[in-house]
Amino acid sequence: MSKMHVKLKVNGRQVEGLAEPRMLLVHFLREELGITGPHIGCETSHCGACTVDMDGRSVKSCTVFVAQANGAEIVTVEGLTNPDGSLGVIQEKFREHHGLQCGFCTPGMITRAHRLLQENPNPTEEEVRFGIAGNLCRCTGYQNIVKAIMAAAAELNAAKEAAQ
Amino acid sequence: MIPAGFEYHRPTDVASAVAILGRHGDEARVLAGGHSLIPMMKLRMAAPAHLVDLRGIAELGRIEIGDDAVVIGAMVAQHDLIAHEGLAQALPIIREAALQIADPQVRSMGTIGGNLANGDPGNDMPGLMQCLDARFALVGPGGEREVAAREFYESAYFTAREDDEILTRVIVPRPPAGAGWAYEKIKRKIGDYATAAAAVMLGEGFASVAMTNLADTPVWCEAAGRALAAGDVEGCVAAMLEAIDPAEDNRGPVAFKKHAAAAALRRAIARAQARRA
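From a predicted model like this one, the values you see are computed outputs, not experimental measurements. (Residues numbered from 1 in each chain as written. Chains lettered and ligands numbered in written order. Predicted model: local features only at pLDDT ≥ 70, side-chain atom pairs only at ≥ 80, totals over all residues. Heavy atoms only, no water.)

Before we go on, may I ask you to explain the packing of helix α4 (residues 106-119) of chain A against helix α6 (residues 143-163) of chain A in this structure?
Each pair of packed helices gets described by two things: the angle between the helix axes and the distance between those axes. All names here are of chain A. Packing of α4 against α6 brings their axes to within 11 Å, and their N-to-C directions diverge by 40°. Considered as vectors, α4 and α6 are oriented oblique to each other. Handedness of the α4/α6 crossing: right-handed. In contact with Met109, Ala113 and Leu117 of α4, α6 contributes Ile145, Ile149, Ala152, Ala153 and Leu156. (Axes fitted to C-alpha atoms, helices over the stretch in contact; angles between N-to-C directions. Helix = DSSP H or I, 4+ residues; strand = E, 2+ residues; numbered from the N terminus. Parallel < 35°, antiparallel > 145°, perpendicular 65-115°, else oblique. Left-handed = near helix turned anticlockwise from the far one by under 90°. Contact = heavy atoms within 4.5 Å.)

Right, here's the structure in full:
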C-alpha cells in the first residue's frame, strides 16, 4: 500500500510525514514523532491511556487512523506543560494530590481532564467521574484522580477570575 | 493489532463518495467515526481494500431543526447530539440516549450514521429511531430513497442498505407537544452495550415503545405501544416480552435478559409518564 503525505499540528508545532493510511494515530505520534505521552494500553478503545485532543475533542488515538487525523490539530500531555517547561495546572494537581500510582494511565487522564475542564469549567464530582469514564486506572481507585481534577478546576477558575 | 492495508479516500461530496463505492464494489467500505469498523479491522475480521471516509463532506455534519421534523446528518457525532441545544429542545430523548453510549472519547468520534447503518443489535440509536418512527435517507448510484427505521433492520448486521448506498441523513418527526419521553439502558458498566434498553414516547392517545439488544434487530412492538397508549403498563410489558427474543451470552441467560428487559421498560415508562406535560 502506498504511503500518504500527512500534515498535522501537534502541540502547536506543524509536522509532516509519510505514513501508510492504516497507521494508527498513536503509532504515528510515538514512532514517527517520538511523542510518547500517549500510551498504548488495551488497543481496543477501552482504557483511554492513548487519549489525545484532536480538533478540540478527546479521542482515543489507538482507534483513529492517521489518515483520519490528517489536517487536524493534536494536543498530547506534552503540550499541557507551561511555556517554561514546568508542570501545567492539571499536571501539578495530579502531583500534589497523588492522582497516580504506576502512572501508566496518567497522560490519558490528564489529557482527558484538560478537555473536560474546557467543556465544563466548574464540574461537580459526579460530572468529573462521568467525564473520565473512558479512562481506566487499575491502581488508584480514582479517588485522588477526581480530587486532583476538582482542585485543578478550582485553581483554573480562580486564575480566570483574578485575570478579569 | 495492525489492520491490513487499504487505500484511503476522503471525498468532499456525497456523489463522489457514491462513485468511489461504485468503482470498488465490495472491496470498499464507508468509514464514519470508525469506532465499530476500526476495531474489526484491527482484529482482521474486516479488511476492506478501500476506505471511503465521509468526514470531508460538510453537509453530513449538519443538524436542522424544522417545524415538523429534525434532520440529522450521518456524520454528526454522539458528542454533537449531546451538545446541540436546539436538538435537546426538540427531541431531548436523543441526548438522554447518546449520553448512555460508550464514553466521552468514543462519543467524540462515533456518529449517528455509523451507529444506525452498522446494524449491530447492541447499538442504541436503531431502537430509538424505531421508537421515534424516523426515516433514513440512502443515496446510491440511482439517486436517493428513504427507508423507515422500522423496516431497515433485517437481522444482525444486515439492513435494507445496499452495498453501493450511503446512509446520509436521518429524518426524525417531531413528537406532539407535551409528549413524555425516556431512554433507559441497563448495562454492566459504562461503555458496555445494553443488557436491555428501552425507548418510550407517550402522549394523549399514543405511545411508542422499542427495545435494544434483545433480538437480532431492534424490537419496535406495535401491540406494546397500543397497550401503553390505553394506559395499560402491564399489558405493554407483557406484549414486549412476547416480542423480544434474547439469546444467552456473557450478559446473562435468557431468563435474566427478560427480567432486565421488563425492568428497563418499566423504568422508562415511569420516567416518560412523569415527564408528560
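Hey, could you run me through the interface of chain A and chain B in this one?
One widely used convention gives an interface's size as the accessible area the parts lose upon coming together. On the chain B side, the residues contacting the 32 residues of chain A number 34 residues. For the pairing of chain A and chain B, the buried interface totals around 2700 Å² over both sides, and the portion due to carbon and sulfur atoms is 61%. Summed over the three residues of chain A that lose the most area to chain B, namely Arg22(A), Arg57(A) and Gln68(A), the buried surface amounts to 25% of that side. If you look at where chain A meets chain B, you find two salt bridges. Viewed at the interface, chain B and chain A are joined by 14 residue pairs in polar contact (both at pLDDT 80 or more). Of all the elements in the fold, those that place two or more residues in the side of chain A that touches chain B are β3 (51-54), β4 (57-60), α2 (66-69), α4 and α5 (125-131) of chain A. The element best represented in the side of chain A that touches chain B is β4(A), accounting for four residues. Partitioned by chemical class, the residues of the side of chain A that touches chain B number 14 nonpolar, 12 polar and six charged. (Buried area = accessible area lost by both parts, 1.4 Å probe. Salt bridge = Lys/Arg side-chain N within 4 Å of Asp/Glu carboxyl O. Polar contact = N/O pair within 3.5 Å; in protein donor to acceptor, adjacent residues only side chain to side chain. Nonpolar A, V, L, I, M, F, W, Y, C, P; charged D, E, K, R; others polar.)

Help me understand the pairing of strand β2 (residues 13-19) of chain A in this model?
Strand residues, when the strand is regular, have side chains that alternate between the two faces of the sheet. Residues and elements named next belong to chain A. Bridge count for strand β1 (residues 4-10) against β2 is seven bridges, and the pairing is antiparallel. Residue pairing across strands places valine 6 opposite glycine 17, the latter belonging to β2. Hairpin connection from β1 to β2: two residues lie between these consecutive antiparallel strands, with asparagine 11 at a positive phi of about 50°. (Pairing = 2+ DSSP bridges.)

Got a minute to help me understand the environment of Ala4(B) in this structure?
Within the secondary structure, Ala4(B) is located in the segment before β1 (7-9). Each C-alpha atom, one on Ala4(B) and one on Gly231(B), is 54 Å from the other, the two residues being 227 residues apart in sequence. Among residues more than four places away in sequence, those in contact with Ala4(B) are Arg22(A), Met41(B), Arg44(B) and Ala47(B).

Help me understand α6(A) in this model?
Along an α-helix, residues three or four positions apart point the same way, because every turn accommodates 3.6 residues. Residues and elements named next belong to chain A. An ideal rise of 1.5 Å per residue puts 30 Å on 21 residues; α6 measures up with 31 Å between its terminal C-alpha atoms. Among the residues of α6, those classed as buried are Ile145, Val146, Ala148, Ile149, Ala151, Ala152, Ala153 and Asn157. The elements touched by buried residues of α6 are α3 (89-96), α4 and α5. (Expected span 1.5 Å × (residues − 1). Buried < 20%, exposed > 50% of the residue type's maximum accessible area, 1.4 Å probe, protein only.)

Help me out: how do you make sense of the layout of surface pockets in this one?
Empty space among the atoms becomes apparent when a probe as large as a water molecule is rolled across them. Here the second largest pocket defines a volume of roughly 550 Å³. Forming the walls of the second largest pocket are 20 residues, and the residues nearest its centre are Leu116(A), Phe130(A), Gly131(A), Leu99(B) and Arg107(B). Counting residues per element, the ones that place at least two in the lining of the second largest pocket are β4, α4 and α5 of chain A together with α3 (78-83) and α6 (104-109) of chain B. Counting residues per element, the lining of the second largest pocket draws most heavily on α5(A), at five residues. Grouping the constituent residues of the lining of the second largest pocket by class yields six nonpolar, five polar and nine charged. (1 Å grid on protein atoms, 1.4 Å probe; cavity = no way out; pocket = protein on both sides within 12 Å on 5 of 7 lines; lining within 4 Å. Points joined across faces, edges and corners; volume = space filled by probe spheres on them.)

I'm lost on the domain arrangement of chain B in this one. Help?
Residues and elements named next belong to chain B. The domains assigned to chain B are domain 1 (7-53), domain 2 (58-173) and domain 3 (180-274). Using only C-alpha atoms to locate each centre, domain 1 and domain 2 end up separated by 18 Å. Between domain 1 and domain 2, the contact holds 11 residues from the first and 16 residues from the second. For the pairing of domain 1 and domain 2, the buried interface totals around 1100 Å² over both sides, and the portion due to carbon and sulfur atoms is 73%. For domain 1, the biggest contributors to the area lost against domain 2 are Val14, Val18 and His35; these three give 43% of the whole. Counting across the domain 1 and domain 2 interface gives zero salt bridges. Looking at the side of domain 1 that touches domain 2, the elements with two or more residues in it are α1 (14-24) and β2 (28-31). A class-by-class count of the residues in the side of domain 1 that touches domain 2 yields six nonpolar, three polar and two charged. (Domains from an automatic or database assignment.)

Help me understand the sheet that holds strand β6 (residues 135-140) of chain B in this model?
Across a sheet, paired strands are connected by hydrogen bonds in the backbone, their directions being either parallel or antiparallel. All names here are of chain B. With antiparallel pairing, the five strands of this open sheet are ordered in space as β4-β5-β10-β6-β7. Either end of the sheet is taken by a strand with one partner, and the two such strands are β4 (63-65) and β7 (143-148). Here the strands of the sheet are splayed against their neighbours by 20° on average, with no regard to which way each runs. Bridge count between strand β5 (residues 69-73) and strand β10 (residues 166-173): five bridges; the pairing is antiparallel. Counterpart to valine 70 in the pairing with β10 is valine 172. Packing against the sheet, α1 makes contact with β6 and β10, and its axis sits at approximately 130° to β10.

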